[in-house]
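Results of the structural survey
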Amino acid sequence: MDKHTVAFLLLDVAVIIAVARVGGMIARAVRQPAVVGEIAAGIALGPSLLGLLPGNPDEWLFPEEVRPLLGGLAQIGLVLFMFIVGLELDMRLTRGRERAAASISACSIVLPFGLGAALGLLLYPSHDTVGGVEIERLGMVLFMGVAMSITAFPVLARILADRGMMRTVPGVFSLAAAAVDDILAWTLLAFIIAIIEGGDPLEVAKIVGMTLVYAAVMFGIVRPLLAKLVEWRDSAGRLSPDILAVILIGVFLSSAVTDVIGIHQIFGAFMFGAVMPKVGAEQLHREILERLEQVSVLLLLPMFFVVTGLSVDLAGIGLSGLWQLGLVLVVAIAGKFLGAYAGARASAIPTRQSAAIAVLMNTRGLTELVILSAGRDLGVLSDDLFAMLVVMALVTTVLTEPLLRLVYPDVVVANDIAAAERRALAAATAPRVLVVLRDPGGTVDDLRARHRRLLDCTTGYDVVLAGLLTATDSPAKRLEVGVPVVPDFAAMASAVEKLNLLGASLTGAGSVSVLCRFSADPATDLDAMTRNANADVIVIDAADRELGEMLRAAPVAIVDENVSAGVGPGRSVITCVVADNRSGRTAAVVGAGLALFGSRSLTIVSAGSRRRWLADLRPVVDRGVRVSLVEPKRHRGEDGAFTVAAADDATRGRGSDTPVIVVDNTETSEEALGDRMATLYAESPASADTAANATDTTQTTDAGSAAKERH
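Because the structure is predicted, anything quoted here is derived from the model rather than measured.

The next thing to look at is the packing of aromatic side chains. In this structure the tally under the stated criterion is eight aromatic pairs. Aromatic pair W186 and F267: ring centres 6.0 Å apart, planes at 80 degrees, arrangement edge-to-face. Pair noted here: W186 is in helix α8 (residues 169–198) and F267 is in helix α12 (residues 265–274), with a separation of 81 residues, a long-range link. Relative to F597, the ring of Y461 lies with its centre 5.0 Å away and its plane at 70 degrees, an arrangement referred to as edge-to-face. In this pair, Y461 is assigned in the loop between α20 (452–456) and β4 (462–470) and F597 in helix α24 (residues 582–597), connecting sequence segments 136 residues apart. What makes Y461 buried here is its relative accessible area of 4%. The class for F597 is buried, based on a relative accessible area of 13%.

In structure tokens form, the structure reads like this:
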């Protein structure tokens, strides 16, 4: 290799990286996956655009002696990408929805495969020669079928993450179907490559047999050994260079084995990723993706895009080939859409959600380019047909996002999430509080100890435990090489299970429900969860006071676990310091509820009319709460009192020694205080009948006991 070649190689690498980054930024600016812009940039550097300029600058910039070197880098990038595809494959995505996932996946493969094979028969006379050699009809027909059947799991997951659709019906079922689709489509492709490479039946049987032995070794021997990587990573506290080296050695050795077998190196990389540990390996997966992002996205994959682009000459298709390109697009889009839609409808998924799933399953992206690259290496795709299929991969991916917004707009996404959260709620039996627990770590006992006072304030209420998990895929932390879908689902499932156990321990509450969300915008998401839950009050820890002061959907009670140790709403007089403002009046509402469901003793510190206060508090007085009224100038505080005050109460400053601070930034018209008390705390006729019956049978006249029976 002379200096001239080395210089051009370094120049080409620099140009490719720069153009790929610009293309990715442009794509993201128009709400497309970055890979769309990077693929387009690779095509632009080839004869389709750069080659149209005078002097053939594409040939000057990428001389023949440099192209094999770029091709070698591209193959390494391809291997790493296929390892990531296998790493992201986790059948836990299908848990609980196996039948629907299988139905959608099977239909979205069978119909496109059949239509693609038929298209291959139609186009064969026009593309039966590659490099001057006539190709087998069967090989081209089968390959056209599988090329139409692919769904790009990484691009699909990225679109779902960007749209916030991971927890919607289309999101959940399309991810599950794409996981099954990966297994079926790649297995089918391996078999077809064996047929093409083997030629005669005996050779095909030999390749298939060796492939089965290889798969048995990977799942029976390699997989158990790789499971030890999780323990190794945990003991090291990070993904060390030694661990990454072991993984990369395994990836490249596995790729080499499948290449020798005759089913292409991409299968070895995919298989190694598929047998990597999944359960308990969420952090390991994310660290692998973070490391590979540096070398794969920035350096190696752009080489693959350019090597592909150098083989694509859109001008070569010509006007006579436009009808063929049109047929390719129609078959690809219609076959995948109709197949996936039929599979979803057969699983009783509603029409709109089925259409959204069908649109999502139509995205092909980089995964399709990998398939087409394999077809070109096998010699079953002519240059013109290869160019048409590359255009198809790009067009179907570009169409996915706008079609999805048309079929499943943002307002429908929000409504579906809200409906799912409402379905998760228990029937209302009392005023409802939304208890915010951000990133609930540790055991259930740890949560209970850390939030003891906050949870004590929920006694008597219907409780919604709102788990708010920090989004690992927020824009600041977003990975370009993959989307940690399964780790997110595992974290969500763990949080829901933990909060359900915590809810079961709240013996003094009415009903208990659990809602969970990933959030990159906690205030917006909490307001949405509050509206969906129809919560009357939000209860939040003082550590999140700044967040509490941003909420608008309901009044907020900010509970400080560290002040006035030893006092609690169930054993202490509730002292409510009422300022003459909205938050002050809401503090009285909160204090009255704590007294009603707790100590049944309430002291109101206010300069207002005694008669007016007694009238406003009549609903809780009628249910057994003892009320005392004290003027602010005479209030000296009581030992052991549990104080509730407004955040902006001038007499309490910022309430640094107050267990509960109330903030009311709601944007609705304020109701009269008496009406609010009656709405929340007045005893219902049914509850009164229960109390009367209890009196007749047990001679018990304590109004408080009837209330406790209800709650």
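Moving on to unusual backbone geometry. Outside of glycine, negative phi angles account for most residues, and trans bonds account for most peptide bonds. Even without a glycine there, the phi angle at H264 is positive, about 80 degrees. Note on placement: H264 falls in the loop between α11 (241–261) and α12. Classification of H264 by relative accessible area gives buried; the value is 9%. In the Ramachandran plot, R600 falls in the positive-phi region, its phi being about 65 degrees despite a non-glycine side chain. Mapped onto the elements, R600 comes out in the loop between α24 and β9 (601–605).

Here the focus is helix α27 (residues 673–681). Every buried residue of α27 is listed here: L673, G674, R676, M677, L680 and Y681. Projected onto a plane normal to the axis of α27, the buried residues spread over an arc of 160 degrees and lie on a single side. Tucked into the core, α27 has its buried residues touching α24, α25 (610–616) and α26 (618–621).

Below, the discussion takes up helix α1 (residues 3–29). Residue pairs three or four apart in sequence face the same way in an α-helix, which turns once every 3.6 residues. With 27 residues, α1 extends 39 Å between its outermost C-alpha atoms, agreeing within 8% with the 39 Å of an ideal straight helix rising 1.5 Å per residue. Listed as buried for α1 are T5, F8, L9, D12, V13, I16, A20, G23, G24 and A27. Buried positions along α1 lie against α2 (34–44), α3 (57–61), α4 (67–88) and α13 (282–310). Just downstream of α1 lies R31, where phi reads positive at about 60 degrees.

Turning our attention to the environment of V573. Examined against the element boundaries, V573 turns out to sit in the loop between β7 (556–559) and β8 (574–577). A C-alpha to C-alpha distance of 9.0 Å links V573 and G598, two positions 25 residues apart in sequence.

Inspection of the entire model under this criterion finds 18 salt bridges. Two residues, R163 and D410, come together in a salt bridge whose shortest N-O distance is 2.9 Å. Separated by 247 residues along the polypeptide, R163 in helix α7 (residues 153–163) and D410 in helix α18 (residues 410–423) bring together distant segments of the chain. Among the residues examined, R163 registers a relative accessible area of 8% and is labelled buried. Accessibility expressed as a relative area gives 43% for D410, which makes it partly exposed. Across the pair D181 and K336 runs a salt bridge, and its minimum N-O distance is 3.5 Å. Here K336 lies in helix α14 (residues 322–346) and D181 lies in helix α8, a separation of 155 residues in the sequence. Linked by salt bridges that have partners in common, R582, R585, D664, E670 and R676 make up one network.

Here I16 is to be found in helix α1. Sequence-distant contacts of I16, defined by excluding residues within four places in its chain, comprise L45, F62, L70, P302, M303 and V306.

Turning next to the nonpolar core. Ranked by internal contacts, the top residues of the largest apolar core, which has 140 residues, are F83, I247 and M276. Counting 52 residues, the second largest nonpolar core, distinct from the first, contains V444, L455, M492 and V625.

Reading guide: rules and limits
Residues numbered from 1 in each chain as written. Predicted model: local features only at pLDDT ≥ 70, side-chain atom pairs only at ≥ 80, totals over all residues. Heavy atoms only, no water. Phe/Tyr/Trp six-rings, centres within 6.5 Å; stacked < 30°, edge-to-face > 60°. Helix = DSSP H or I, 4+ residues; strand = E, 2+ residues; numbered from the N terminus. Buried < 20%, exposed > 50% of the residue type's maximum accessible area, 1.4 Å probe, protein only. Arc of directions from axis to C-beta. Contact = heavy atoms within 4.5 Å. Expected span 1.5 Å × (residues − 1). Salt bridge = Lys/Arg side-chain N within 4 Å of Asp/Glu carboxyl O. Core = buried A, V, L, I, M, F, W, Y, C linked by side-chain atoms within 4.5 Å.

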